[in-house]
Amino acid sequence: MRSPKPKPAWLWLVEKEWRELLVSRAWWVLLIAIGPLVGVSFISAVRTYAEVSGLGGTAAGVGEALSPLVGVWAPTFSACELAAVFLLPFVGIRLVGGDRQSGALKLEAQHQMPAVARVAAKALVLLAGWVVALIAPIVAVSLWKIYGGNLYAPELVSVAIGHLLNAGLTIALAATAASMTEHPSTAAIVTLSVTVGTWIISFVAAVQGGIWERMANYTPTAMVAEFQHGLLRLDMMLIALTLIAGGLALSAAWMRIGVAVRRRVGESLALGALAVLVAAACSRVNTTWDLSENRMNSFSEADEQALRKIQAHLRIEAHLAPEDPRRADLERQALSKLRRVMPDVQVEYASATSIGLFEQTSPHYGEVWYDLGGKKEMSRITTAEGVLETIYSLSGIPPPAENDESVFRGHPLAVRPKGAAILFYGIWPAFVMIAVILIRRSVA
Amino acid sequence: MPESSRKLNQSNALLRVEGVTKSFGRLRALSDVSFSVRRGEILGLIGPNGAGKTTLFECLAGVLPADGGALSSVERQVNPSERSSLLFYMPDGIAPWPSQSVRWALDFTVGFFGGSAELREEVIHSLDLLSLLNSPIGTLSKGQRKRALLAIALLTPQPVLLADEPFDGLDLRQTRDVAQVLRKHAAAGRTLFLSIHQIADAARICDRFVLLSGGRVCGEGTIEELSASAGGKTSGLEEVFLALT
């Protein structure tokens with residue numbers, strides 16, 4: 001009888017976690033489900049894209065709006081977000097909590113290996129499991145290319161990073177919940193409660209604004225949305241990585257079953273405080289990269305060059321309620337782009353109500369005040385062009401000439417999603433089912 | 001116990017457990033538990049259900065935090081991080097890695113815990129596991145699983161093995177065979193500390209005993225020593241146990 005090949009203990013653990021993943025029903029359910037989920041999003045996105053491009057009628061005449069990032073990749077990859085929220089936590093809980101349920105934790109905890117290394121092995125394998133699940137959207141990308149669609153690699157990289165970080169957050173959360181609770185069902189409830197909690201923050205932010213709005217910027221949903229628009233924000237990546245590391249460290253602290261609960265609680269509080277401090281420090285980082293082909297998160301290069309010449313401090317006070325659509329326009333179309341060029345810009349919102357509907361008669365409601373180095377001007381325009389015009393007027397810098405060559409022309413594609421339905425609804429589930437039978441049999 | 005014998009005991013002791021206490025809320029599971037473990041012996045921890053045997057093992061192995069007490073080797077006190085190189089604890093009633101085969105679990109034990117690859121085949125044969133090697137652990141019967149767990153425990157490299165109820169789920173013949181296997185490993189130099197609630201089984205295999213009742217040590221020693229502690233009127237372990245607890 002052959003003896004096992006010698007290798008470091010940590011690699012034994014990684015192999016063990018990988019084998020446990022391969023026999024985990026939760027992971028196979030995730031794999032089976034993600035195909036049709038991606039399929040339905042991709043097929044619907046390609047159809048809509050084709051109709052806007054002129055299929056079965058006339059082109060909508062908005063070629064510049066036809067960006068595959070917004071039209072195809074964001075909706076297609078949103079299936080991954082759904083899977084990360086509702087399926088991936090159960091895979092994580094199974095892998096982390098399974099050891100406690102079976103009693104394996106009592107054996108493995110007797111090894112002198114630090115608990116952090118044990119959690120790292122689990123996290124690595126879970127991330128690998130998620131990367132395997134990402135084959136479904138990669139198939140969608142390949143189909144799009146076969147249809148003759150345009151691919152802009154930096155956009156895909158941005159979307160992929162967003163979904164990997166989102167999966168990392170889910171894994172860290174599931175690992176923490178599974179380590180801290182006695183039973184997997186309790187861990188599942190805790191994980192889903194935290195997810196619902198982040199949705200509540202987003203909801204309250206939309207109504208209340210203020211601190212809630214700043215917090216909502218860092219929820220996984222908001223993070224994924226930024227990446228799906230091709231915007232790589234270093235602060236968001238650092239905060240996500242801090243939370244992932246904090247969650248895994250917390251999970252490791254609670255995996256040390258031989259340590260007194262009181263001490264574990266103390267360590268958890270210290271870890272939580274440290275994570276909050278690091279995250280707060282990271283939130284001050286302003287470095288961003290706009291990876292979208294159509295520069296949807298930036299002003300034109302000429303405008304950016306002109307804005308960089310402005311040295312004076314800019315303060316903007318907008319009298320718009322949190323739920324007023326004009327505020328969302330102002331923020332998305334102008335201010336978020338402005339912050340990327342002028343990191344020192346100070347923006348304040350003022351309103352007496354959350355919806356603004358009953359403030360319309362108030363004399364100052366809807367006003368946006370600009371204060372550039374002591375010079376003030378008021379405008380009610382919330383478009384990017386209007387904001388830039390006011391800033392140029394205050395600064396005395398002439399607006400740059402419009403350059404038609406730099407305008408994004410779009411990538412219309414009027415094709416039907418041929419073969420996608422059979423691939424995602426038929427071949428994918430069948431392939432995964434065959435893999436389930438073969439792999440589970442070989443592992444067991 | 002005579003003073004000379006006590007000195008000998010102390011010099012032969014591999015481990016000394018001193019004043020271990022553990023409470024679950026208001027329930028005091030272990031109260032000032034102290035005893036010695038000697039090199040190469042089979043020490044039986046006997047006591048009725050709820051005596052605190054499993055709690056004591058888990059505290060010693062470091063998988064359950066004790067409220068107080070210390071574990072020391074001949075030279076010095078053993079800190080928690082050193083326990084993993086000194087003793088290994090095999091719990092009762094677990095089914096670790098239930099989807100993995102017995103063969104893989106034994107390989108994992110050798111690879112991950114640094115167990116003895118040379119012992120692997122001998123353990124497989126002596127515990128009659130050959131026909132079960134490809135079976136997932138979760139599908140084994142209670143007795144089969146117990147033998148697989150014992151194989152894992154025997155392959156680990158630590159000099160002291162703590163096994164919780166090693167005969168639970170085994171039939172008479174298997175109990176006898178497993179007892180022989182354990183004796184063989186003890187003879188080879190491994191110290192075994194076995195928690196056994198069946199006193200007849202304990203009497204058959206153990207060299208010395210620690211009697212635990214209500215979380216307290218009621219006696220420690222060989223049957224003769226325990227019998228003397230009980231007044232010398234009893235001879236069998238069952239009678240001694242009843243007299244002392």
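About the thresholds
- Residues numbered from 1 in each chain as written.
- Chains lettered and ligands numbered in written order.
- Predicted model: local features only at pLDDT ≥ 70, side-chain atom pairs only at ≥ 80, totals over all residues.
- Helix = DSSP H or I, 4+ residues; strand = E, 2+ residues; numbered from the N terminus.
- Rg over C-alpha atoms; globule rule 2.2 N^0.38 Å.
- Buried ≥ 20, exposed ≤ 12 C-beta atoms within 10 Å, placed from the backbone.
- Contact = placed C-beta atoms within 7 Å.
- Core = buried A, V, L, I, M, F, W, Y, C linked by C-beta atoms within 7 Å.
- Nonpolar A, V, L, I, M, F, W, Y, C, P; charged D, E, K, R; others polar.
- Pairing = 2+ DSSP bridges.
- Axes fitted to C-alpha atoms, helices over the stretch in contact; angles between N-to-C directions.
- Parallel < 35°, antiparallel > 145°, perpendicular 65-115°, else oblique.
- Left-handed = near helix turned anticlockwise from the far one by under 90°.
- pLDDT = per-residue confidence, 0-100.
- Expected span 1.5 Å × (residues − 1).

Chemist: Mind showing me how you'd approach the overall build of chain B here?
Modeler: Counting secondary structure elements, chain B contains 10 helices and nine strands. The globule rule puts the C-alpha radius of gyration for 245 residues at 18 Å, and the 18 Å found for chain B is close to it. Dimensions along the principal axes, computed over C-alpha positions, put chain B at roughly 50 × 40 × 40 Å. Across the 245 residues that make up chain B, the buried fraction comes to 47%. Taking as baseline every contact in chain B between residues at least 6 positions apart, the subset at least 24 positions apart corresponds to 70%.

Chemist: Just to check I follow, could you spell out the nonpolar core for this structure?
Modeler: As a rule of thumb, soluble globular proteins bury nonpolar side chains together. If you look at the biggest cluster of nonpolar residues, it comprises 161 residues, and the most contacted ones within it are A:L30, A:A83, B:A151 and B:L162. In terms of residue count, helix α2 (residues 25-52) of chain A provides more of this core than any other element does, 13 residues in total. Counting residues in each nonpolar core, the second largest holds 18 residues, with A:F299, A:I316, A:L320 and A:V368 among its members.

Chemist: Please explain the interface of chain A and chain B as it appears in this structure.
Modeler: As a measure of interface size, the accessible area lost when the parts come together is often cited. At the junction of the two partners, chain A supplies 24 residues and chain B supplies 30 residues. Broken down by secondary-structure element, the contributors of at least two residues to the side of chain A that touches chain B are α1 (9-22) and α5 (104-108) of chain A. Among the elements that make up the side of chain A that touches chain B, the one with the highest residue count is α1(A) (five residues). In terms of residue class, the side of chain A that touches chain B is built from 13 nonpolar, seven polar and four charged.

Chemist: Help me understand the sheet that holds strand β4 (residues 346-349) of chain A in this model?
Modeler: Pairing between the strands of a sheet comes from backbone hydrogen bonds, and it takes one of two forms, parallel or antiparallel. Residues and elements named next belong to chain A. Taken in spatial order, the four strands make up an open sheet running β4-β3-β5-β6, and their pairing is mixed. Both outer strands of the open sheet, β4 and β6 (375-379), are each paired with one neighbouring strand and no more. Neighbouring strand axes in the sheet, compared pairwise and without regard to direction, differ in orientation by 15° on average. Bridging between strand β3 (residues 314-318) and strand β5 (residues 368-372) involves five bridges; their strand directions are antiparallel. Following the sheet pairing, I316 is matched in β5 by Y370.

Chemist: In this structure, what is going on with the environment of B:K142? I would like to understand it.
Modeler: As for its placement among the helices and strands, B:K142 is situated in helix α6 (residues 142-155). The spacing of B:K142 and B:D201 is 59 residues in sequence and 18 Å in space, taken between C-alpha atoms.

Chemist: Is there a simple way to think about the sheet that holds strand β6 (residues 160-164) of chain B in this case?
Modeler: Residues and elements named next belong to chain B. Spatial ordering of the open sheet is given by β5-β6-β7-β3-β8-β9, a layout of six strands whose pairing is mixed. Taken across any chain shown, the strands that pair with only one partner, and hence form the sheet edges, are β5 (87-90) and β9 (216-221). Direction aside, neighbouring strands of the sheet carry axes that sit 15° apart on average. Where β6 meets strand β7 (residues 191-196), five bridges bridge the pair, whose relative direction is parallel. By the bridge assignment, L162 is partnered in β7 with F193.

Chemist: Would you mind showing me how to read the packing of α1(A) against helix α6 (residues 115-133) of chain A here?
Modeler: Axis angle and axis distance: for two packed helices, these are the angle between their axes and the distance between the axes, and together they describe the pair. Residue and element names in this part refer to chain A. Across the interface, α1 lies against α6 with an axial gap of 9 Å and an inter-helix angle of 45°. By the angle between their directions, the pair α1 and α6 is classed as oblique. Once α1 is placed against α6, the crossing between them reads as right-handed. Judged by residue contacts, W10, L13, V14, E17, W18 and L21 of α1 engage A117, R118, A121, K122, L124, V125 and G129 from α6. Classifying every residue of the contact of α1 with α6 gives nine nonpolar, one polar and three charged.

Chemist: When you look at unusual backbone geometry in this model, what are you seeing that I'm missing?
Modeler: Peptide bonds are, in most cases, trans, and in most cases residues other than glycine have a negative phi. All names here are of chain B. One non-glycine residue with positive phi stands out, namely D32, at about 50°. Structurally, the position occupied by D32 is in strand β2 (residues 27-38). The exposure class of D32 is partly exposed, given the 14 C-beta atoms found within 10 Å. For W97, which is not glycine, the phi torsion reads 45° and is therefore positive.

Chemist: Help me out: how do you make sense of the pairing of strand β1 (residues 13-24) of chain B in this one?
Modeler: Two faces make up the sheet, and in a regular strand the side chains alternate between them. All names here are of chain B. Of the strand pairs in this sheet, β1 and β2 are connected by eight bridges, and their pairing is antiparallel. For V17, the partnering residue across the bridge sits in β2 and is F35. Between the end of β1 and the start of β2, which pair antiparallel, lie two residues, with G25 showing a positive phi angle near 65°.

Chemist: I keep staring at the confidence of the model for chain A and nothing clicks. Help me out?
Modeler: Any region with low pLDDT has predicted coordinates that should not be read closely. In the predicted model, chain A carries a mean pLDDT of 91, and 96% of its residues have values of at least 70. By mean pLDDT, helix α10 (residues 210-216) of chain A is the weakest element of chain A at 85, and α6(A) is the strongest at 97.

Chemist: Is there a simple way to explain helix α9 (residues 184-208) of chain A in this structure?
Modeler: An α-helix turns once per 3.6 residues; consequently, residues spaced three or four apart project the same way. Residues and elements named next belong to chain A. Along its 25 residues, α9 runs 35 Å from first to last C-alpha, staying within 8% of the 36 Å computed at 1.5 Å per residue. Among all positions in α9, only P184, A187, A188, T191, T195 and A205 are buried. On the buried face of α9, the contacting elements are α3 (68-86), α4 (88-102), α8 (153-180) and α10. Directly beyond the C-terminal end of α9, a positive phi value near 70° is found at G209.

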